[in-house]
Amino acid sequence: MVVCKSQPYQRRKEAAWLQIYNEFSPAIVDKSGLEKYSKHLWHRQLHIFEVPFYYIEYGMAQLGAIAIWKRYRENPTEALEDYIQALKLGYTKKLEKFTLLPELNLTLAANM
């Protein structure tokens, strides 16, 4: 794990977090006077510390869901049949060898 404790880095990280936090937080909540606490709220995201690749897996799952939805819009019957077949595989194939939707050209390679 790489840790940088320089002050400019800390300020940029806090500013980036506050920008994201404020953009996606409900405006109905009055957060005035809590700025010094708000900049540390990202620590509550335990996934970052406990299972750091969770967000990558979650993103991959989102892309897969969008791909299935796209395919369903184009050909509902075929998409559902293929999806059911994929579910039947369970955990019998490694992710690198598993292609539910080859037309999307998504590649998982060790040399990326």
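Here, every reference points to the structure presented above.
Residues numbered from 1 in each chain as written. Predicted model: local features only at pLDDT ≥ 70, side-chain atom pairs only at ≥ 80, totals over all residues. Heavy atoms only, no water.

Time to look at the overall build of the protein. Along the protein, the regular secondary structure elements total five helices and zero strands. Along the chain direction, N to C, the helices and strands of the protein fall in the order α-α-α-α-α. In the protein, which comprises 112 residues, the share counted as buried stands at 11%. Looking at the protein as shown, the accessible area adds up to about 10000 Å², and 61% of this sits on carbon and sulfur atoms. (Helix = DSSP H or I, 4+ residues; strand = E, 2+ residues; numbered from the N terminus. Buried < 20%, exposed > 50% of the residue type's maximum accessible area, 1.4 Å probe, protein only. Areas by Shrake-Rupley, 256 points an atom, 1.4 Å probe, with all protein chains shown as cover.)

It is worth spelling out the packing of aromatic side chains at this point. Summed over the entire model, instances satisfying the criterion amount to three aromatic pairs. Between the aromatic rings of Trp17 and Tyr21, the centroid separation amounts to 5.8 Å while the plane-to-plane angle is 25 degrees, which identifies the pairing as stacked. Separated by four residues within a single helix, Trp17 and Tyr21 lie in helix 1 (residues 7-24), roughly one turn from each other. Owing to a relative accessible area of 21%, Tyr21 belongs among the partly exposed residues under this scheme. The rings of Tyr54, Tyr55 and Tyr58 are connected pair by pair, giving a single aromatic cluster. (Phe/Tyr/Trp six-rings, centres within 6.5 Å; stacked < 30°, edge-to-face > 60°.)

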